[in-house]
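Structural description and commentary
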Amino acid sequence: DEPPAWWTRAVVYQIYPRSFADSDGDGIGDLGGIRSRLDHLADLGVDVLWLSPIYPSPQHDNGYDISDYEDIDPLFGSLEEFDALLAEAHDRGMKLVMDLVVNHTSDEHPWFVESRSSTDNPKRDWYWWRAPRVAEDGTSGPPNDWRSAFSGPAWTLDERTGEYYLHLFARQQPDLNWENQDVREAVYAMMNRWLDRGVDGFRMDVINLISKRLEHIDGEDDERGTGLGFIMGPRLHEFMQEMHEAVFAGRDRELLTVGEMPGVDVDEARLFTDPARRELDMVFQFEHVSLDQGEDKFDPQPFDLVALKESLGRWQEGLADVGWNSLYLNNHDQPRLVSRFGDDEEYRYESATLWVTVLHLHRGTPFVYQGEEIGMTNVPFVSVDEFRDVESVNYYREKVEEEGRPAAEVFEGLRRMSRDNARTPVQWDDSPHAGFTTGEPWIPANPRYVTINAEADRASDRSVFAHYQRLVTMRHEDPVVALGDFEMLEADHPRLYAFTRTLDGQQLLVAANVSGEPLDVPLLEGWGHHELVLSNDASLGADHPPSRLGPWEVRVYRSA
Ligand code: TEU
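Residues numbered from 1 in each chain as written. Predicted model: local features only at pLDDT ≥ 70, side-chain atom pairs only at ≥ 80, totals over all residues.

1. A closer look at the overall build of the protein
Here is the rule we go by: Helix and strand definitions follow DSSP, with helices as H or I runs of at least four residues and strands as E runs of at least two, each counted in order from the N terminus. C-alpha atoms define the radius of gyration in this analysis, and the globule rule sets the expected value at 2.2 Å times the number of residues to the power 0.38. Here the C-beta atoms are placed from the backbone, and a residue counts as buried if at least 20 other C-beta atoms lie within 10 Å of its own, exposed if 12 or fewer do, and partly exposed otherwise. Residues are scored as being in contact if the C-beta atoms we place from backbone atoms lie within 7 Å.
Of regular secondary structure, the protein possesses 15 helices and 20 strands. Relative to its length of 560 residues, the protein is compact, with a C-alpha radius of gyration of 24 Å against a globular reference of 24 Å. Taken over the C-alpha atoms alone, the protein extends approximately 80 × 55 × 50 Å along its principal axes. Per-residue burial for the protein yields a buried fraction of 48% across its 560 residues. Across the protein, every contact between residues at least 6 apart in sequence was considered, and the portion connecting residues at least 24 apart equals 65%.

2. Examining the site of the ligand
The cut-off we apply is this: Working rule for contacts: place C-beta from the backbone, and if it is within 6 Å of a molecule or strand, that residue counts as near it. When residues are sorted by character, Ala, Val, Leu, Ile, Met, Phe, Trp, Tyr, Cys and Pro go into the nonpolar class, Asp, Glu, Lys and Arg into the charged class, and all the rest, Gly among them, into the polar class. How far each domain reaches was decided by an automatic or database domain assignment.
As a structural note, the neighbourhood of the ligand is formed by Asp-61, Tyr-64, Val-101, Ala-149, Phe-169, Asp-205, Val-206, Pro-262, Lys-297, His-332, Asp-333 and Glu-391. Partitioned by chemical class, the residues of the shell around the ligand number 6 nonpolar, 1 polar and 5 charged. The residue makeup of the shell around the ligand includes at least three contributed by each of domain 1 (8-101 + 334-379 + 426-477) and domain 3 (185-324).

3. Let's talk about the sheet that holds strand 13 (residues 365-369)
Filter applied, for reference: We call two strands paired when DSSP finds no fewer than two bridges between them.
Read across the open sheet, the 8 strands follow the order 11-10-9-3-2-1-13-12; overall the sheet is parallel. The open sheet has two edge strands with one neighbour each: strand 11 (282-284) and strand 12 (326-327). Bridge count for strand 12 against strand 13 is 2 bridges, and the pairing is parallel. Each residue of the ladder has a partner; that of Ser-326, found in strand 13, is Thr-365.

4. Describing the domain arrangement of the protein
Domain boundaries in the protein define domain 1 (8-101 + 334-379 + 426-477), domain 2 (110-166), domain 3 (185-324), domain 4 (382-417) and domain 5 (484-559). Put simply, the middle of domain 1 and the middle of domain 2, counted by C-alpha atoms, are 38 Å apart.

5. What about the nonpolar core?
Threshold: One nonpolar core equals one set of buried Ala, Val, Leu, Ile, Met, Phe, Trp, Tyr and Cys residues connected by C-beta atoms within 7 Å.
Formed by 137 residues in total, the largest nonpolar core has its most connected members in Leu-49, Trp-355, Val-358, Val-510, Ala-511 and Ala-512. Of all hydrophobic cores here, the second largest spans 8 residues; its members include Phe-298, Phe-387, Val-410 and Leu-414.

6. Notes on helix 8 (residues 305-318)
Condition: Given the number of residues in a helix, its expected span is that number minus one, multiplied by 1.5 Å. Arc definition: it is the arc formed by the directions from the helix axis to the C-beta atoms.
If you check helix 8, its first and last C-alpha atoms are 20 Å apart, about what 14 residues at 1.5 Å a residue would give, namely 20 Å. Every buried residue of helix 8 is listed here: Leu-308, Lys-309, Leu-312, Trp-315 and Gln-316. Looking straight down helix 8, one finds its buried side chains confined to an arc of 135 degrees; they lie on one side. Summarising the contacts, the buried residues of helix 8 are in contact with helix 7 (266-273), strand 14 (485-489) and strand 15 (496-503).

7. Remarks on unusual backbone geometry
Its identity as a non-glycine residue notwithstanding, Val-206 has a phi of 30 degrees, on the positive side. Overall, the presence of 23 C-beta atoms within 10 Å leaves Val-206 in the buried class. Positive phi outside glycine occurs at Glu-490, with the angle close to 45 degrees. Looking at where Glu-490 falls in the secondary structure, it is placed in the loop between strand 14 and strand 15. With 17 C-beta atoms counted inside 10 Å, the residue Glu-490 sits in the partly exposed group.

8. Here's the deal with the sheet that holds strand 20 (residues 554-559)
To keep it simple, the criterion reads: Comment: axis = line fitted to C-alpha atoms, over the contacting stretch for helices; angle = value between 0 and 180 degrees taken between N-to-C directions.
Strand order in the open sheet formed by 5 strands is 14-15-16-20-18, with antiparallel pairing between adjacent strands. Two strands lie at the open edges of the sheet, namely strand 14 and strand 18 (531-535), each paired on one side alone. Averaged over all pairs of adjacent strands, the angle between their axes in this sheet comes to 20 degrees, without regard to strand direction. In terms of strand pairing, strand 18 meets strand 20 through 4 bridges, oriented antiparallel. For Glu-531, the partnering residue across the bridge sits in strand 20 and is Arg-558.

9. Notes on the packing of helix 5 (residues 181-197) against helix 6 (residues 236-248)
How two helices pack is summed up by the angle between their axes together with the distance between the axes. The line we're drawing: Throughout this description, any angle smaller than 35 degrees is read as roughly parallel, any larger than 145 degrees as roughly antiparallel, any in the 65 to 115 degree range as roughly perpendicular, and the remainder as oblique. Left-handed describes a crossing in which the near helix is turned anticlockwise from the far one by less than a right angle; the clockwise case is right-handed.
It is the contact of helix 5 with helix 6, at a shortest axis distance of 9 Å, that shows an interaxial angle of 45 degrees. Between helix 5 and helix 6, the interaxial angle falls into the category oblique. The way helix 5 lies across helix 6 gives a crossing that is right-handed. Seen from helix 5, the contacting residues are Arg-184, Tyr-188, Met-191, Asn-192 and Leu-195; seen from helix 6, they are Phe-239, Glu-242, Met-243, Ala-246 and Val-247.

10. Let's talk about helix 3 (residues 79-91)
For helix 3, which comprises 13 residues, the first-to-last C-alpha distance of 18 Å matches the rise-based estimate of 18 Å (1.5 Å per residue) to within 8%. Looking at helix 3, one finds that the buried residues are Phe-82, Leu-85 and Ala-89. Axial view of helix 3: buried residues confined to an arc of 60 degrees, hence all on one face. Turned more than 90 degrees off the buried face of helix 3, the exposed positions are Glu-80, Ala-87 and Asp-91. Buried residues along helix 3 sit against helix 1 (31-36), helix 2 (38-44), strand 2 (48-51) and strand 3 (95-100). Just past helix 3, the residue Gly-93 takes up positive phi, approximately 80 degrees.

11. Observations concerning the environment of Val-283
Along the polypeptide, Val-283 turns up in strand 11. The class of Val-283 is buried, set by 27 C-beta atoms lying within 10 Å. Once the C-alpha coordinates of Val-283 and Tyr-16 are considered, the two residues, 267 residues apart in sequence, prove to be 19 Å apart. Not counting chain neighbours up to four residues away, the residues in contact with Val-283 comprise Gly-259, Met-261, Val-264, Ala-269, Phe-272, Thr-273, Asn-325 and Ser-326.

12. A few points about the environment of Glu-350
Relative to the assigned elements, Glu-350 resides in helix 10 (residues 348-360). The exposure class assigned to Glu-350 is buried, which follows from the 25 C-beta atoms found within 10 Å. For the pair Glu-350 and Trp-552, spaced 202 residues apart in sequence, the C-alpha to C-alpha distance is 5.5 Å.

Quick look at the structure:
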């Protein structure tokens, strides 16, 4: 038997560089800022840092539109400074993985500049160019009805050659044509150069969109029933295996590959992460963060704990024997977890620590997104002018200006779900701009920084950070956390999240009261005499029955 992979006991920390820490006063976070805060991360105990994109970019989508894969954007620093950061992370025992954005480039990438220049340019076929589709009444329009994730059609007409190009995201993010072998080889060569430089792997942006079925008929369901010809195309597994062979095989260092895959289901995820197939180590799936979305992601629905448990539990089951998942509630695309799933006022400490306990004690590799370790909250936005994110800005324009929906209603959805909730500066202390910059930040700090900041949290005896540290230590040291079998308890209970993890006769019980009211939990009666290994400080006081959980209380017991 193979020994368990190193990442079964690892915790990853995501840095969104432009909002992490600014060292030169231009208001945008940078590599110098990250270097100055490495001790915060080493203290937390995380094993891997993942950096959102830092390559040269026009920044239409904050770096997810890359114009040069081989360099560092001067906004963030230089290759020399990157090497220094990498060495300093390695010195502290932390790995560093890069964001790999290769479903699309920037429209300013030289590949696209060439590609668009003429129909017979050698790079024409590196992107998806198609002639307009002419309807029966003679009018012409985009080649198919695909929509961009950032509003509007996924096709833009380029006047120069009279053809449309495909962009599943903003029009400044044209999709690369992975059918073209030269494209794939160029990407693999670039990945190899970064690994040779010393990076420890990649988080692969929307990697399940790289194989597409353009012949797909509008709106018709495919075999997956999604009606989306651009998700999980027919050559995806082939491409992942080819990439593995061209880039990762034969390297004897401990590397990490994570595939971000909107729309992936459990069965597909098992195929991608079955070690025998040599594709990926783990995936980011979206099911559990889509449950509270209605018609679209800005139509928030009431939180439903039973549905969340059903989803996460099914993923635990589906990957129990083969495959591996990543565990996250937050990243740079999601609103803050304590505001979305908890109570970001009275029970901010309790609900932040409850959710991270529940999440990290599932089977999988936990990801911590910057700021969640100090309980950062959503932003009290009051006006649409405060949004910077291309997705939010485009959505508002489409819904209000084009479709005439009530502005207040559209704003309310954005206020709760906008990605900008996660993108304001990390709150380091209570000095101006939360200690993020000495200049004007590119997006204002959340005004709550005065009380919610790293310095205050770490000094508090109810420190969110200290609780995260304990969970990271458990992940490192306890084989039950890393590898134990998962069993959900009381799946239909609307307020209780409870499960066990079991390995070699050892068992952990996690019981969490997902509500602001006390909760009697009979199953706790059998556990009272066992070791309480972790809790978040019951707000009920000492003299309540041991089987009663206080508001947002979580407890973890161990039986030997
Ligand atoms: O996100 C892909 C994705 O599917 C969504 O989460 C997306 O951000 C959007 O919210 C869809 O409604 C990845 C990156 O994480 C994201 O930041 C980029 O904007 C996107 O790809 C394009 O590169």
